[in-house]
Structure formats: structure tokens, C-alpha cells
Amino acid sequence: MRKVLGAALAAALVAFPLLAHAQTAGLTSDVDIADSGDTAWILVSAALVLMMAAPGLTLFYGGLVRAKGFLAVMVQTGAIAAVASIIWVVCGYTLAFGDVSNGWLGGGNAWMLLNLGNVRNATDVPESAFALFQMAFALITPALMVGAWVDRARFGWVVGFAALWSLIVYAPVAHWVWGGGWLASKFGTLDFAGGIVVHTTAGVSALVVALLLGKRNGFPKTLMLPHSPALTMAGAALLWVGWFGFNGGSALAANDDAAAAIINTHLAACTAALAWILVERIAVGKPTSIGFATGAIAGLATVTPAAGFIAPGAAILLGLASVAVCYPMILLVKFKLEIDDSLDVFAVHGMGGITGSILLAVFISPKLGGTGYAEGMWMSRQLVAQLVGVGVVALWSAVATVIASLMVAMVIPMRVTEDEEREGLDIISHGERAWEFD
């Protein structure tokens, strides 16, 4: 009997691992398996984009404002990132990337990130990683607008506006272009990493808010110098590095497309930074640190929509194009039209993203080293698709921004009083000073 039991036990010990393997195989045979390398790259890229918002954007903008508003810029950027992240998880993701139904908004299959698929369609990464990466975009986009209203927007209004804007501007546009919506599916509009979805929406909306808020006290006659160009340079450096995740991560894989996007991103920034300080040297006599930083950001914004579609030579040309467009646009908006878009969000981010989105139609040509047009597309047709995408998104951003701004202003006033502005938002809004010198 003991021999029989011993033989049975030995057989069971041999059989159990085999049975376990058979069950595992049965469970996974019909389920996609994520690629660990691609997943790791997307997670790192998400962290790099978050680094762009904090600390990159906070230092870049914070150094450009006067000392009495530095802390307010940091808190506003952080609060916007926080509220946009929560909204993204609750409903933003499903509106942008949920099941495609009518082409206008995603289906409601992923509220609170419930019922996510194992692997995101057309990728080799878990949908949870994809949602995280896209959340980083969703939080930095409204944060870009902070530069338009520094020194005068009320903190409560800023948070409320950013929350509503994320729902009625960012999520729908992300679906139209990236989530299988009508601009991509019907017109063939392309946007590799956010020239339309991020920079056009934020740039146009920033200009609208600047018009609604009005000018800062003393603008444009009073000289309002940046209180710390050193912090701005540090912020620009963090943005530059983080942009590798922004554009490289948009390949959604650790592959040649990601490497090409990063190379193109770096070249455009290098070219634009050098070209900008050359223009400054000719125009004002000295190349400035602020000019170098601004030029780099303009180049980065301009190459973003095309980064994964073009050759390195085209990236250099886009860097030059960013300076040719953004530099005179700053002069037009700030000095000719006297619109107080305080930190040039529209001129740099908006016009940079628009320029790159349109020129993409030319540089994607295989004759110029690009990846080539989709089936049934050619240069003129792609140009129309890009113009339609930019035009529709710009119009919707402007209209929806007016609606969102005024709706929130019915509850919380948009602007602080003149006395509060004179005192500075650090003290008025937060009861603190960024710098205390005894």
C-alpha cells in the first residue's frame, strides 16, 4: 500500500507542474502579452513628461516673472497638473481614448480607468501604461497656459478654468486626432506628439484668456524684467531633456521611430536656440540667456508634430522656421497689438506647433527623407488635412475657452484687484514669499 501511495504521490508531483503550465497556457493563449522593453520606455517617458511640468515649466516660467509672482506660478502649475490628472482618470481618458463610436468623443467604457484592456490596440504596452503616458500630456497642456495670465489671474479661477478646459477642449481634441476621431479618420490629419493637440490648443486658448483678462498694470509702458534668467535657463534645460520623453515616447515603443524622434527633437532645439541668439545679436546687440532658452522651446514646439515622420535635415529646417515665425510673432502680439500674453505662450508654443503641423505635410515626403504619406495621400492632400486640423482645433479652442472662462468667472472672478496685483500674487493668493532676505 505504501508503495502504491508513494508512486501516486510521485506521479502527482510530476503532473502538477505540467497541469499548471497547461492552465497558464490556456489563460494566456488568447490574451496579448505586453512587451517589457516598450512598457519600460513608456513608463520612463511618462516620468520625463511629468518632469517637464514640474520642475521644468515651473522654473522656466517662474524665472521669467517678477519676484513677487514666482511662487504663484509654481503653485498654479502644480495645482493645474493635479486637477487635470484627477479629471483624466475619472473621465478624461475615456472621452479621449475610449471606444470609438461617433468620431467626436470616446465611448464611456473606461470611466475611472475601469475595464482597461490588457494591451492597448496597435501597441505592445499595457493600456494602463498608455493611459499614464497620455495623462502626462493632459496635465502639461493646460499648465502651458499659465504663462499668459501671470501676475493677475485669481488662483481659484485658474484651477476651475483648467479643470473645465481639460474636459471641453483637451479631451475632445485628443480624440479627434489621436483617439480615432474624425480629423484623423476622415481627413488624415497627422500629429506625432502634440503640435495640434497640445501646442495649438494651449497657445490659442492662452491668447484668448489674455484678451479676456486684459493687460497687467503698466503694460506695455512699464518694463517688467524677468527676476531670474538663471532659473529660466534651468527650466529650459529640464524641458529640453523631458521633451525626449514627450516626442520619443510618442512612438509608443522602444524602437527606431523613438530614436529618430529624439534625434530630430534635439536638432530642432539646437538650431532654433542658436538662430534665436543670432537674431538677437543682430537686432539688440547681445545674445541673451532668455533668447537662447526661448529659441530652444520654440524649436521643440515646432518639431513636435513631425518628430517621428521626418529626416534630421528637415528637423534643422523646422528649427530655422520656428525662429522665422515665432520671433516676429512675439513682436507683433506684444508690441504692435499690445496683447499681454505675458510669457509669449501663443507666439512660441501656439505658432510653433501650428508651423510644424503645417510643414509636416512637406517634410514627410519620402523624397525629403520622410516616412511617406499614407495610402491615398500626397503632399497637397496632406497639406489640406493639416490645415483643416489646425483650423478646426484653433477655432474650437478659442470658442470653448471663452465659454469655460466666463462660466467659471460666474462663480470666481477671473482677475485680482489692482491693489492685489500691485502687492503680488505670492502674498495675496498664498500668504508666502518665494524669497525671504533678512
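Below you will find a few notes about this structure. Given the structure is predicted, the values throughout are model-derived calculations rather than measurements. Throughout this document, residue positions are counted from 1 along each chain, in the order its sequence is written. Totals for whole chains, interfaces and linings use all residues, but because this is a predicted model, local features are given only for residues with pLDDT of at least 70 and pairs of side-chain atoms are given and counted only at 80 or more. As a rule here, side-chain values come from all non-hydrogen atoms in the structure, and water together with hydrogens is ignored.

1. Comments concerning the overall build of the chain
Along its length, the chain carries 15 helices and 0 strands. Computed over its C-alpha atoms, the radius of gyration of the chain comes to 24 Å, within 12% of the 22 Å expected for a compact globule of 438 residues. The principal-axis extent of the C-alpha atoms belonging to the chain is close to 100 × 55 × 45 Å. We call a residue buried when its accessible area falls under 20% of the maximum for its residue type, exposed when it is over 50%, and partly exposed in between, using a 1.4 Å probe and counting protein chains only. Taken across its 438 residues, the chain has 53% of its residues classed as buried. Per-residue and other accessible areas follow the Shrake-Rupley method at a 1.4 Å probe size, with only the shown protein chains counted as cover for residues. A total of about 18400 Å² of accessible surface is found on the chain, and carbon and sulfur atoms cover 69% of it. A run of H or I in DSSP becomes a helix once it reaches four residues, and a run of E becomes a strand once it reaches two; helices and strands are each numbered from the N terminus. Using C-alpha atoms as the atom set, the radius of gyration is obtained and then compared with a globule rule of 2.2 Å times the number of residues to the power 0.38.

2. Some words on the environment of Gly106
Its location among the elements puts Gly106 in the loop between α3 (70-97) and α4 (127-144). Of the residues examined, Gly106 reaches a relative accessible area of 10% and is grouped as buried. In this structure the C-alpha to C-alpha distance between Gly106 and Gly179, which are 73 residues apart in sequence, comes to 7.3 Å. Whether two residues touch is decided by their heavy atoms; if any such pair falls within 4.5 Å, the residues are in contact. Once residues within four sequence positions are removed from consideration, Gly106 is found in contact with Thr94, Leu95, Gly98, Asp99 and His175.

3. As for a nonpolar patch on the surface
Taken together, Ile86, Val90, Trp111, Met112 and Leu114 make up a surface patch of nonpolar side chains, about 500 Å² in accessible area. Within the secondary structure, Ile86 sits in helix α3. In this structure Ile86 comes out as exposed when scored by relative accessible area, which is 55%. Within this analysis, patches are made of residues with over 30% relative accessible area and no salt bridge. Like charges are joined at 9 Å or less; nonpolar side chains (Val, Leu, Ile, Met, Phe, Trp, Tyr) at 5 Å or less. Salt bridge, as used here: a side-chain nitrogen of Lys or Arg that lies within 4 Å of a carboxyl oxygen of Asp or Glu.

4. Quick look at the packing of aromatic side chains
Each pair of aromatic rings taken from Phe, Tyr and Trp, with Trp reduced to its six-membered ring, is defined by centres within 6.5 Å and is described as stacked if the planes are under 30 degrees apart, edge-to-face if over 60, and tilted in the remaining cases. With the rule as written, the count across this model stands at 23 aromatic pairs. For the pair Trp88 and Tyr93, a centre-to-centre distance of 5.8 Å together with 75 degrees between the ring planes defines the contact as edge-to-face. In this pair, the class of Trp88 matches that of Tyr93, namely buried. Ring-pair connections join several aromatic residues into one group, and the members of that group are Trp88, Tyr93, Phe97, Phe130 and Tyr170.

5. Details of the packing of helix α2 (residues 36-64) against α4
The description of two packed helices rests on the angle between their axes and on the distance between the axes. Interaxial angles span 0 to 180 degrees and are taken between N-to-C directions of axes, which are lines fitted to C-alpha atoms, for helices over the stretch in contact. For the pair α2 and α4, interaxial distance at closest approach is 8 Å and the crossing angle is 15 degrees. Relative to α4, the element α2 is oriented roughly parallel. Read as a crossing pair, α2 and α4 show a hand that is left-handed. Across the interface between the two elements, Thr39, Ile42, Leu43, Ser45, Ala46, Val49, Leu50, Met52, Ala53, Leu57 and Tyr61 from α2 touch Ala129, Leu132, Phe133, Ala136, Phe137, Leu139, Ile140, Ala143 and Leu144 from α4. By the definition adopted for this analysis, an angle is roughly parallel if under 35 degrees, roughly antiparallel if over 145, roughly perpendicular if from 65 to 115, and oblique otherwise. Note on convention: the crossing is left-handed when the near helix lies turned anticlockwise from the far helix by less than a right angle, right-handed when the turn is clockwise.

6. Considerations on α4
End to end, α4 covers 26 Å across 18 residues, agreeing with the expected 26 Å (1.5 Å per residue, within 8%). When you tally the buried positions in α4, you get 16 out of 18 residues, the bulk of the element. Expected span, for any helix, means 1.5 Å times one less than how many residues it has.

7. Considerations on the environment of Gly291
Mapped onto the elements, Gly291 comes out in helix α10 (residues 289-303). You can call Gly291 buried: its relative accessible area is 2%. Separated by 104 residues in the primary sequence, Gly291 and Phe187 place their C-alpha atoms 37 Å from one another. With near-sequence residues (within four places) excluded, Gly291 lies in contact with Trp276, Ile277 and Glu280.

8. A short note on the nonpolar core
Among buried residues, those of type Ala, Val, Leu, Ile, Met, Phe, Trp, Tyr and Cys that are joined through side-chain atoms within 4.5 Å constitute a nonpolar core. Grouped together as the largest cluster of nonpolar side chains are 118 residues, with contacts concentrated most on Tyr61, Trp149, Trp157, Tyr170, Phe246 and Ile310. In terms of residues, this core owes the most to one element, α4, which gives 12 residues. Setting aside anything within four residues of it in sequence, one finds Ile310 in contact with Asn264, Val303, Ala315, Leu318, Phe363, Ile364, Gly369 and Gly370.

9. A look at the pattern of salt bridges
Scanning the entire structure with this criterion turns up 10 salt bridges. Across the pair Arg216 and Asp151 runs a salt bridge whose closest N-O atoms are separated by 3.7 Å. Remark: Asp151 occurs in the loop between α4 and α5 (155-177) and Arg216 occurs in the loop between α7 (195-213) and α8 (229-248); sequence separation between them is 65 residues. Judged by its relative accessible area of 9%, Arg216 falls in the buried class. The salt bridge partner of Glu420 is Arg154, with a shortest N-O separation of 3.6 Å. Residue Glu420 is found in helix α14 (residues 418-423), and its partner Arg154 is found in the loop between α4 and α5; the two are separated by 266 residues along the sequence. For Glu420, a relative accessible area of 22% gives the class partly exposed. Residue Arg154 is classed as partly exposed on the basis of its relative accessible area of 23%. Among the ionic contacts, a cluster of salt bridges with common partners joins Arg66, Asp151, Arg152, Arg216 and Asp340.

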